[in-house]
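# A look at the structure
Residue strings, one per chain:
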Amino acid sequence: MNPEELHSLAEERREALDQFQHRVVVCTGTACQAAQSRKIIEALDGIVKERGINGRCTVSAGGCRGLCSAGPMVAVEPTDVLYQGVTPDDAASIIDSLESEPVKALTCDTSAPFFTRQKRVVLEYEGRLNPESIDDYIAAGGFSTFVRILTEMTSGDVIEQIRQSGLGGRGGAGYSTALKWSTVAKALGTTKYVICNGDEGDPGAFMDRSVMEDYPFKVLEGMMIAAFAVGAQEGFVYVRAEYPLAVKRLKQAIRQAEKYSLLGNNICGTSFSLKLDVRLGAGAFVCGEETALIASIEGKRGSPRPRPPYPAESGLWGCPTLINNVETYANVVPILREGAEWFAGIGTERSKGTKVFALSGAIVNTGLIEVPMGISLREIIYDIGGGIPNGRRFKAVQTGGPSGGCIPEQYLDMPVDYQSLAQVGSIMGSGGMIVMDESSCMVDVAKFFMEFCMTESCGKCIPCRVGTAQMYRLLDKISQGRARLQDLEVLEELCDMVKHTSLCGLGQAAPNPVLSTLRYFREEYLAHIVDHVCPAGVCKIAHEEIAL
Amino acid sequence: MTRKTIATVWLDGCSGCHMSFLDIDHRLLDLADMIELVYSPLVDRKDFPESVDITLIEGSVSNQADLDKIRHIRAHTRTLISLGDCAVTGNVPALRNTIGAEPVLQRAYMEPDLLNAQIPTVGVPPLLPVVRAVHTVVRVDVFIPGCPPSADTIFNALSDLLNDRQPSVAGKTRFGA
Amino acid sequence: MSRVATLKINGQDVSGREDETILEVARENGIPIPTLCQIEGLSNVGACRMCLVEVAGISKLLPACTTRVAEGMDVRTESERLTHYRRMAVEMLFAEGNHICSVCVSNGHCELQGMAVALGIDHIHLPYLAPRRGVDASHERFTFDANRCILCTRCVRVCDEIEGAHTWDVMGRGVGSVVITDLNERWGDSPTCTSCGKCVQTCPTGALFIKGSAVGEMTKRNTFLTYIAQMRGNLK
Ligand SMILES: Cc1cc2nc3c(=O)[nH]c(=O)nc-3n(C[C@H](O)[C@H](O)[C@H](O)COP(=O)(O)O)c2cc1C
Ligand code: SF4
Ligand code: SF4
Ligand code: SF4
Ligand code: SF4
Ligand code: FES
Ligand code: FES
């Protein structure tokens with residue numbers, strides 16, 4: 001396919017869509033599908049046929065709208081009406097009101113702060129596109145950026161744009177994407193690989209899943225641009241097998257792109273060739289760590305190895321390898337389409353762009369949000385999230401999952417960016433955000449994450465393998481009110497040792513939930529130990545004096 | 001010079017550490033004018049004294065009586081020494097920690113072909129679910145590992161203490177020595 | 001050809017080829033660094049963290065066995081902090097398995113036990129895990145006692161890299177990890193094991209031993225490793 005062909009295909013497809021006066025788009029994201037949104041599509045289709053308006057009205061599958069807790073969501077275009085809590089029984093009233101006033105009882109207020117306070121770059125299509133149709137994506141301008149770059153830009157130009165945009169890796173650490181790309185581009189060797197890290201192992205996180213499920217083409221296009229920039233000929237999307245829908249859609253997307261010769265040999269008649277494929281992970285958290293992920297693709301046990309050498313120098317099968325997160329790749333197209341300056345204008349001095357968060361826990365609006373870097377936690381929780389339900393008080397917000405920390409009330413006005421989060425003992429992480437109210441016990445929270453790290457530790461290095469188990473035991477003992485003050489000392493000693501001596505990020509970050517809760521909620525630990533009570537009433541206190 | 005009072009106690013151990021203590025032999029006599037042995041399986045006294053300068057503990061904490069004893073002793077001892085691997089690590093008695101107390105009792109009392117096989121409950125303290133090293137139950141001031149630690153090691157540690165030095169057994173003994 | 005780098009280890013000026021590790025250069029210069037998972041002749045995995053050293057200008061501690069030397073490096077192999085961490089790592093191993101040295105075949109010849117002595121460990125202050133682990137005595141000549149295994153993976157590597165049988169591998173995660181023979185089958189039934197004994201001789205502890213050894217009788221001989229590796233040109 002050459003640029004002209006792509007352009008005319010997009011035109012053609014847009015015209016075809018414009019034929020329909022009404023387009024009804026039903027969310028087929030994970031949450032809405034679980035709430036039977038496929039049945040809604042069937043029902044809507046049935047009514048459309050029944051009313052004999054299939055020439056004017058089309059029903060299609062779309063992606064997540066973000067407000068998953070209110071789902072299933074159905075949108076009507078071009079009027080931009082959004083319905084929530086739809087059931088198959090609502091199909092008739094939705095179709096019958098197309099020409100008149102929207103159904104009041106089902107209408108979702110899109111002028112609410114949940115929608116207006118967000119800034120959508122990664123999720124720019126807001127769930128409008130059919131994730132299973134390359135034509136839909138092309139009609140929305142998809143692949144034009146890739147094709148333009150391929151025919152008009154050099155690898156150096158692309159990397160320079162990324163550098164100017166200030167994009168940082170969204171897999172957790174915010175490492176400069178441009179620096180990584182240029183390292184791989186400069187690395188010696190003719191065989192190079194690109195990998196998209198879609199392992200997403202944090203409990204409660206579903207950002208990458210949503211992006212892969214809803215915008216598989218956008219992720220691929222980002223990877224294709226990256227492969228061009230670093231000089232890779234082959235690439236893999238590594239997705240956990242627990243995400244069957246993402247796997248299916250990515251595979252489908254790759255096949256469709258191949259059919260249009262957007263993947264394959266001599267793409268757009270240039271010398272650039274690229275083969276992409278999907279690889280499944282078996283759901284080990286550690287396989288999100290880049291060296292373990294690479295080992296897993298190679299067919300080995302998913303254990304990390306010491307870095308350096310970094311994958312950029314020696315990665316997949318010993319070749320220079322670019323590995324980026326799903327969301328990182330999803331930022332690439334908008335940056336190169338709208339320009340680095342535009343992107344750099346979003347966010348803060350040192351953290352550019354937006355971040356997608358999976359908002360969950362004790363909050364009114366749970367779901368998927370995208371906000372500009374630098375927004376305050378308070379705005380996220382109270383404006384976008386709608387605050388704490390059941391009249392309870394806010395207690396803490398956990399970011400970064402098992403590698404992150406709990407942030408207390410006094411920092412609610414702190415800007416959300418890589419640096420500020422690190423300063424208060426947490427991390428940005430991949431985007432999990434769990435809000436906790438006064439009914440949460442911080443010792444219990446720390447214990448939960450430690451149990452996760454303990455069971456997910458790969459077992460290779462001593463500090464993480466043994467240390468997480470010992471910390472878990474101590475936390476368990478504390479939560480049962482059986483611990484002595486010396487146990488707290490040992491716990492802190494373990495935190496320090498495991499953090500500084502573990503081989504990979506899993507172990508190095510495993511103590512964070514404990515350290516941050518000790519830092520802000522030490523009195524809760526002491527209440528368990530000294531007074532044998534759990535202030536939040538969560539932990540079961542053992543009453544025998546010393547259970548040996 | 002006032003003599004330092006010394007006690008030795010035997011919890012769940014095999015008496016090997018006490019034997020090694022006795023192996024100090026004639027050097028014990030050198031110590032004799034510096035110490036007074038106030039409580040020990042080797043001397044005839046029923047109650048643990050009100051206040052003891054140095055107590056050597058052989059054996060792990062394996063049953064309720066051990067637990068009661070060691071707590072009482074800790075409260076009445078200035079310097080508590082874990083003597084030997086059973087006290088320091090749990091050692092052989094702790095072998096049962098991977099399976100719990102019950103299977104051990106079954107094996108010892110029920111499985112052999114005995115007349116009237118039964119697990120004794122009267123007059124014997126119940127086993128704790130987990131065998132403990134002494135320092136996991138009370139604070140311990142000095143550790144002397146070894147199975148048993150050599151007489152020399154024990155002697156050196158004691159002389160250090162009697163001369164108000166913190167004993168150091170590093171490099172002189174080990175687990176299993 | 002690799003270039004030569006000059007660097008400092010504990011303030012001493014030393015030089016090494018840039019494909020050499022800090023550990024190799026330190027040893028050439030008689031500077032000891034404690035190790036457990038590393039053994040000359042096998043690949044390095046950086047798993048035990050005993051060999052962590054401080055390098056000026058780098059906030060992270062680096063494993064000497066896998067980190068290559070570089071021009072101008074300033075390495076410290078001993079500090080209060082390093083000793084503290086090394087002690088804790090060794091304590092962790094004692095607490096993780098079931099080490100009853102007094103009744104162990106390797107008593108007196110064990111690298112773990114020796115490490116405890118070298119680091120002045122006289123008790124374990126971290127919580128004992130007392131896991132329930134098994135013993136595989138199905139092999140005609142050797143026994144594997146998982147209670148004493150420290151998961152250094154030397155057996156895995158020697159069987160794969162030197163003997164070429166790849167009988168051993170690691171199964172499970174976290175503290176549940178174990179080394180297994182074949183697909184977790186009895187060692188005695190293994191169709192891949194050649195009974196060469198290399199794993200037994202390379203194992204640093206009493207986890208692998210020759211049948212019939214009594215307490216303290218199992219001494220290991222692993223000099224063959226350096227020899228074979230040299231003959232094959234695997235050693236630099
Ligand atoms: C234990 C562990 C788990 C990780 N899991 C993920 C993951 O699920 N997804 C991800 O993108 N990065 C994950 N990472 C980070 C990756 O190692 C790597 O840094 C990242 O994929 C790089 O992409 P980026 O530069 O685009 O952020 C994980 C790291 C660690 C230590
Ligand atoms: S830190 Fe944990 S997950 Fe990482 S290598 Fe060590 S044991 Fe494995
Ligand atoms: S393997 Fe070593 S440390 Fe473990 S019991 Fe045997 S001698 Fe002791
Ligand atoms: S005896 Fe030889 S072949 Fe058999 S498991 Fe050990 S190293 Fe491998
Ligand atoms: S059996 Fe021995 S060599 Fe193998 S992992 Fe265990 S301790 Fe290491
Ligand atoms: S899955 Fe439907 S709105 Fe998120
Ligand atoms: S010897 Fe270097 S990590 Fe084990």
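Residues numbered from 1 in each chain as written. Chains lettered and ligands numbered in written order. Predicted model: local features only at pLDDT ≥ 70, side-chain atom pairs only at ≥ 80, totals over all residues. Heavy atoms only, no water.

A few words now on the site of ligand 1. All names here are of chain A. Around ligand 1 lies a shell of 18 residues, among which Gly 171, Lys 180, Asn 324, Asn 325 and Thr 328 are the nearest. One of the backbone N or O atoms of Arg 170 is found 3.3 Å from an oxygen atom in ligand 1. Between an oxygen atom of ligand 1 and a main-chain N or O atom of Glu 200, the distance comes to 2.9 Å. When ligand 1 is considered free in solution it has 600 Å² of accessible area, and contact with the protein chains removes 88% of it. Only strand E8 (321-325) and helix H21 (505-509) provide two or more residues apiece to the shell around ligand 1. For the shell around ligand 1, the element with the highest residue contribution is E8, accounting for three residues. (Near = heavy atom within 4 Å. Polar contact = N/O pair within 3.5 Å; in protein donor to acceptor, adjacent residues only side chain to side chain. Areas by Shrake-Rupley, 256 points an atom, 1.4 Å probe, with all protein chains shown as cover. Helix = DSSP H or I, 4+ residues; strand = E, 2+ residues; numbered from the N terminus.)

Further remarks concern the site of ligand 3. What surrounds ligand 3 is a group of 13 residues, the closest being C:His99, C:Cys101, C:Cys104, C:Cys110 and C:Gly206. Of the residues belonging to the shell around ligand 3, the class tally is six nonpolar, six polar and one charged. (Nonpolar A, V, L, I, M, F, W, Y, C, P; charged D, E, K, R; others polar.)

When cut into domains, chain A gives domain 1 (16-112), domain 2 (141-344), domain 3 (354-437) and domain 4 (442-545). Measuring from the centre of the C-alpha atoms in domain 1 of chain A to the corresponding centre in domain 4 of chain A gives 48 Å. (Domains from an automatic or database assignment.)

Further remarks concern the pattern of salt bridges. Side-chain pairs of opposite charge can arise where the charged atoms are in close proximity. The final tally for this structure, using the stated rule, is 54 salt bridges over all chains. A salt bridge links A:Asp476 to A:Lys447, with the nearest nitrogen and oxygen atoms 3.1 Å apart. Residue A:Asp476 is located in helix H19 (residues 462-479), and its partner A:Lys447 is located in helix H18 (residues 442-456); the two are separated by 29 residues in the primary sequence. With a relative accessible area of 16%, A:Lys447 lands in the buried category. Of the charged contacts, one joins B:Lys46 and B:Asp44 as a salt bridge, the two residues approaching to 3.4 Å between their closest N and O atoms. Across this residue pair, the class does not change: B:Lys46 and B:Asp44 are exposed. Here the salt bridges share partners, and the residues they tie into one network are A:Arg23, A:Glu77, A:Asp80, A:Arg120, A:Glu126 and A:Arg128. (Salt bridge = Lys/Arg side-chain N within 4 Å of Asp/Glu carboxyl O. Buried < 20%, exposed > 50% of the residue type's maximum accessible area, 1.4 Å probe, protein only.)

Looking now at the state of the cysteines. All names here are of chain A. What the rule picks out here adds up to zero disulfides over all chains. The cysteine Cys 534 is free of any disulfide, with Cys 441 supplying the nearest cysteine sulfur at 3.7 Å. Judged by its relative accessible area of 10%, Cys 534 falls in the buried class. (Disulfide = S-S within 2.5 Å.)

This part is about the sheet that holds strand E6 (residues 234-240) of chain A. Through backbone hydrogen bonds, the strands of a sheet pair up, either in parallel or in antiparallel fashion. Residues and elements named next belong to chain A. One open sheet accounts for four strands, arranged E7-E6-E5-E8; its pairing is parallel. In the strand order of this sheet, the two ends are held by strand E7 (275-281) and E8, each with one partner. Averaged over all neighbouring strand pairs, the angle between strand axes comes to 20°, with direction disregarded. Alignment of strand E5 (residues 193-198) against E8, held across five bridges, turns out to be parallel. Looking at the pairing, Tyr 193 lines up with Thr 321 of E8. (Pairing = 2+ DSSP bridges. Axes fitted to C-alpha atoms, helices over the stretch in contact; angles between N-to-C directions.)

The next point concerns the interface of chain A and chain C. Each side of the interface is counted separately: chain A has 32 residues, and chain C has 32 residues. Interface area for chain A against chain C, summed over the two sides, is near 2,700 Å², with a carbon-plus-sulfur share of 60%. One can count two salt bridges joining chain A with chain C. Among the salt bridges present, the one from A:Glu456 reaches C:Arg173, with a minimum N-O distance of 2.8 Å. Counting the contacts that link chain A with chain C gives 17 residue pairs in polar contact (both at pLDDT 80 or more). Among the elements of the structure, H18, H19 and helix H20 (485-501) of chain A are those that each provide at least two residues to the side of chain A that touches chain C. Split by residue class, the side of chain A that touches chain C holds 15 nonpolar, 10 polar and seven charged. (Contact = heavy atoms within 4.5 Å. Buried area = accessible area lost by both parts, 1.4 Å probe.)

Turning our attention to the nonpolar core. Soluble, globular proteins show a tendency: their nonpolar side chains are buried together. Formed by 79 residues in total, the largest nonpolar core has its most connected members in A:Leu491, A:Val514, A:Tyr525, B:Ile70, B:Val134 and C:Val90. With nine residues, helix H2 (residues 80-96) of chain C is the single largest residue contributor to this core. Not counting residues within four places of it along the chain, the set of residues in contact with A:Val514 comprises A:Ala446, A:Met450, A:Leu475, A:Leu491, A:Cys495 and A:Tyr525. Listed in part, the 76 residues of the second largest apolar core include A:Ile159, A:Leu167, A:Met223 and A:Ile346. (Core = buried A, V, L, I, M, F, W, Y, C linked by side-chain atoms within 4.5 Å.)

This part covers the domain arrangement of chain C. Residue and element names in this part refer to chain C. According to the domain assignment, chain C consists of domain 1 (4-78) and domain 2 (84-224). Relative to domain 2, the C-alpha centre of domain 1 lies at a distance of 26 Å. Taken together, the contact pairs 20 residues of domain 1 with 19 residues of domain 2. Summing both sides of the interface, domain 1 and domain 2 together bury roughly 1,400 Å²; the carbon and sulfur share of this comes to 63%.

Before going further, it helps to spend a moment on the pairing of E7(A). All names here are of chain A. Relative to E7, E6 runs parallel, the two being bridged by seven bridges. When the bridges of E7 are listed, Tyr 238 appears paired with Arg 279. With helix H12 (residues 244-259) bridging E6 and the parallel E7, this β-α-β connection has right-handed handedness. (Right-handed = clockwise from strand over helix to strand, strands pointing away.)

Take a nonpolar patch on the surface next. A surface patch of nonpolar side chains, amounting to about 330 Å² of accessible area, comprises B:Met19, B:Leu22, B:Leu37 and B:Leu42. Note on placement: B:Met19 falls in helix H1 (residues 16-22). (Patch = residues over 30% accessible without salt bridge, like charges linked within 9 Å, V, L, I, M, F, W, Y side chains within 5 Å.)

Next up on the list: the packing of aromatic side chains. Summed over the entire model, instances satisfying the criterion amount to 20 aromatic pairs over all chains. Centre to centre, the rings of A:Tyr137 and A:Phe217 are 5.7 Å apart; their planes meet at 20°, and the pair counts as stacked. Of the two residues, A:Tyr137 sits in helix H6 (residues 134-139) while A:Phe217 sits in helix H11 (residues 216-230), which places them 80 residues apart along the sequence. One exposure class covers both A:Tyr137 and A:Phe217, and it is buried. Each ring, one from A:Phe448 and one from A:Phe449, has its centre 5.1 Å from the other, and the planes form 75°; the classification is edge-to-face. Of the residues examined, A:Phe448 reaches a relative accessible area of 45% and is grouped as partly exposed. With relative accessibility at 3%, the residue A:Phe449 sits in the buried group. Members of the aromatic cluster, connected to one another through ring pairs, are A:Tyr125, A:Tyr137, A:Phe143, A:Tyr215 and A:Phe217. Seen from the ring of A:Phe357, A:Lys355 lies directly overhead, with NZ or CZ sitting 5.8 Å from the centre. Looking at B:Arg27, its charged tip hangs above the ring of B:Phe155, at a distance of 4.7 Å from the centre. (Phe/Tyr/Trp six-rings, centres within 6.5 Å; stacked < 30°, edge-to-face > 60°. Lys NZ or Arg CZ within 6 Å of the ring centre and 35° of its normal.)

Quick look at helix H9 (residues 177-186) of chain A now. If you check which residues of H9(A) are buried, you get A:Thr177, A:Ala178, A:Lys180, A:Trp181, A:Ser182 and A:Val184. In this structure, the buried side of H9(A) is in contact with helix H8 (155-165), H11, helix H13 (290-297), E8 and helix H14 (326-338) of chain A.

Attention now goes to the environment of C:Cys152. Residue and element names in this part refer to chain C. Note on placement: Cys 152 falls in the loop between strand E7 (142-145) and helix H4 (154-163). A C-alpha to C-alpha distance of 8.4 Å links Cys 152 and Pro 204, two positions 52 residues apart in sequence. Beyond its immediate stretch of four places on either side in the chain, Cys 152 contacts Cys 37, Arg 157 and Pro 204.

Residue and element names in this part refer to chain A. As for its placement among the helices and strands, Ser 360 is situated in strand E9 (residues 354-361). Taking the C-alpha atoms as reference points, Ser 360 and Ser 69, separated by 291 residues in sequence, lie 9.7 Å from one another. In this structure, Ser 360 is in contact with Thr 366, Met 433, Ile 434 and Val 435, ignoring residues within four places of it in sequence.

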